[in-house]
Amino acid sequence: MALSKAPSVMRVSVDDASAGQRIDNFLVRVCKGVPKSHVYRILRSGEVRVNSKRVDQTYRLQLGDEVRIPPIRLAEKAAEPAIPVGKPFDIVFEDDALLVLDKPAGLAVHGGSGVSFGVIEQLRRQRPEAKFLELVHRLDRETSGLLIVAKKRSALTVLHDMMREGKVRKRYLTLVAGRWLNPMQHVKLALHKYLTEGGERRVSVNPEGKPAHSIVRLLKRWQNYSLVEVELKTGRTHQIRVHLSHLGFPLCGDDKYGDFSLNKQLEKQGFKRMFLHAAKLAFHHPLTDQLIELEASLPPELERHVVQVEQTEEREYG
C-alpha cells in the first residue's frame, strides 16, 4: 500500500460530530490506517495537543477545541467499491438529533464480513451534507423494521446508555411453526455466542452464556402456525430466533435456526425471507425527554404470507 508523502502537522477544530468523543477514539478515526499502538504512543509522548496542552487518552473533546496532530505518514486508501445511492429509505421519525427508518429485509445495517455496504453507508451517500450519522443499534440483515440512527454524538451517547439500561422498548412480529399456547410467556434463557467450523457466527442456549429475556405474546394461532409479538428485555445476538427455536417454534424462513424442510416448502410457495419484523419502538428522546412511540406495519410480503397461511389453514382445518 502506497504511503502519502511529506506528512505535516494537522490542526483540527472539533465540531458537533466530534464533541464528546474521547481523544484516542477521535485520533483512530481521523488517522485512518495508523496502528492504534502508534496513536497511543503519540498521546503518551505529548505530541498530540488540545488547545496547546497535553491530554491523556481519556480526555473528551469539547466543541471548539483545537487538536494538534503531529506529522504521521498515513497509508493511502485502497480504492473502495462505489456505494449506490439506492432508493430513499422510509423515514418514520426525524428531528435534529436522530432519525428512525423502516429498514427493508435483505439489507445489512452496515458493511463488513463480505458485505461492501449497508444501510448506514447508503444513508450517508444519500445525505452528503450530514455531518454525523451513526447506528444506535443493529438489526439482522434478514430482519425488516424500525432502526434508529443518531444525527448527533450527544444523542448517540445517551441512546447507547438507554439501550444498555433497557430503556428502549422494542417489539417484533414473527410467524412461527407450531401452536403457541400461552397468551403471554416470559422466556429467560442464557445465550452463548460461538463460531462454526466454517467461521460463521452462531448462538445457542447455554446456562454459561449471557442472560437473555424475551416476552412472547400470542396474537393469532392456527393449526400449524402462530403469529406472536416478542418484546426484548435484553438485546442479545439472534435472541428471538434462538429462544423460539429452542422452545420448538422456529421462525418461518430462518436459514440459521429454522426448520429447513419447512423453509423449502415455503420457498416453493413464493415466501423467500425470514418472518421477523421490528414493529414497535418506545423511548424517551435522548435530548428533550419527550416520549416517542413508533410503529411500522408489516411489509407487503409478510402481510401476504399471513393471509396465505390463514386461507390454507381454514381450507384444510375449517
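Quick look at the structure, then. Throughout, residues of each chain are indexed from 1 in the direction in which the sequence is written. Two thresholds apply to this predicted model, a pLDDT of at least 70 for residue-level local features and 80 or more for giving and counting side-chain atom pairs, whereas whole-chain, interface and lining totals are computed over all residues. Based on all heavy atoms of the structure, the side-chain values leave hydrogens and waters out of the count.

## Some remarks on the packing of aromatic side chains
- Side-chain rings of Phe, Tyr and Trp, where Trp is taken by its six-membered ring, are said to pair if the distance between their centres is within 6.5 Å; with planes under 30 degrees apart they count as stacked, over 60 as edge-to-face, and otherwise as tilted. For the structure shown, the criterion picks out 2 aromatic pairs.
- Arranged with centres 4.9 Å apart and planes meeting at 65 degrees, the rings of W180 and F249 form a pair that is edge-to-face. Linking W180 in the loop between strand 9 (169-177) and strand 10 (184-188) with F249 in the loop between helix 5 (239-246) and helix 6 (260-268), this pair joins segments that are 69 residues apart in sequence. The exposure classification of W180 matches that of F249, with both residues buried.
- Ring plane angle 40 degrees and centroid distance 6.2 Å describe the contact between F271 and F275, whose orientation is recorded as tilted. Across the pair, F275 and F271 agree in class, each one buried. Secondary structure elements are taken from DSSP: a helix is a run of H or I of four residues or more, a strand is a run of E of two residues or more, and numbering for both begins at the N terminus. Each residue is placed in one exposure class: buried if its accessible area under a 1.4 Å probe, protein chains only, is under 20% of its type's maximum, exposed if it is over 50%, and partly exposed if it falls in between.

## Re the environment of F132
- Along the chain, F132 falls in the loop between helix 3 (119-126) and strand 7 (134-135).
- Linking F132 and V48, residues 84 residues apart in sequence, is a C-alpha distance of 24 Å.
- Contacts are assigned to residue pairs with any non-hydrogen atoms lying within 4.5 Å of each other. For F132, the residues in contact, after removing those within four places along its chain, are A17, A150, K151, K152, R153 and L156.

## Some remarks on the pattern of salt bridges
- Take a side-chain nitrogen of Lys or Arg and a carboxyl oxygen of Asp or Glu: if they are within 4 Å of each other, that pair is a salt bridge. Within this structure, the stated rule accounts for 22 salt bridges.
- Where E142 meets K256, a salt bridge forms, and the shortest distance between an N and an O atom there is 3.8 Å. One end of the pair, E142, is in the loop between strand 7 and strand 8 (144-150); the other, K256, is in the loop between helix 5 and helix 6, with 114 residues separating them in the sequence.
- Residue E142 is classed as partly exposed on the basis of its relative accessible area of 21%.

## Focus: the sheet that holds strand 4 (residues 66-69)
- By this definition, two strands are paired if DSSP reports at least two bridges between them. Strands sit in the order 1-4-2-3 across an open sheet of 4 strands; the sheet is antiparallel. Lying at the two open borders of the sheet, with one neighbouring strand each, are strand 1 (10-13) and strand 3 (53-54).
- Two elements, strand 1 and strand 4, share 4 bridges in a ladder whose sense is antiparallel. Looking across to strand 4, one finds that R11 is bridged to R68.
- Interaxial angles span 0 to 180 degrees and are taken between N-to-C directions of axes, which are lines fitted to C-alpha atoms, for helices over the stretch in contact. Sheet contacts for helix 1 (residues 23-30): strand 1, strand 2 (49-50) and strand 4; angle to strand 4, the most-contacted strand, approximately 60 degrees.

## Focus: the packing of helix 1 against helix 2 (residues 36-44)
- Running from N to C, helix 1 and helix 2 cross one another at 130 degrees; their axes reach a closest spacing of 10 Å. Between helix 1 and helix 2, the angle falls in the class oblique. The handedness of the crossing between helix 1 and helix 2 is right-handed. For the pair formed by helix 1 and helix 2, the contact residues are I23, D24, L27 and V28 on the first element and K36, V39, Y40 and L43 on the second.
- Each residue receives one of three labels: charged for Asp, Glu, Lys and Arg, nonpolar for Ala, Val, Leu, Ile, Met, Phe, Trp, Tyr, Cys and Pro, and polar for the others, Gly being one of them. A per-class count over the contact of helix 1 with helix 2 returns 6 nonpolar, no polar and 2 charged. Each angle gets one of four labels, with under 35 degrees taken as roughly parallel, over 145 as roughly antiparallel, 65 to 115 as roughly perpendicular, and the rest as oblique. Two helices crossing with the near one rotated counterclockwise from the far one by less than a right angle form a left-handed crossing, whereas a clockwise rotation gives a right-handed crossing.

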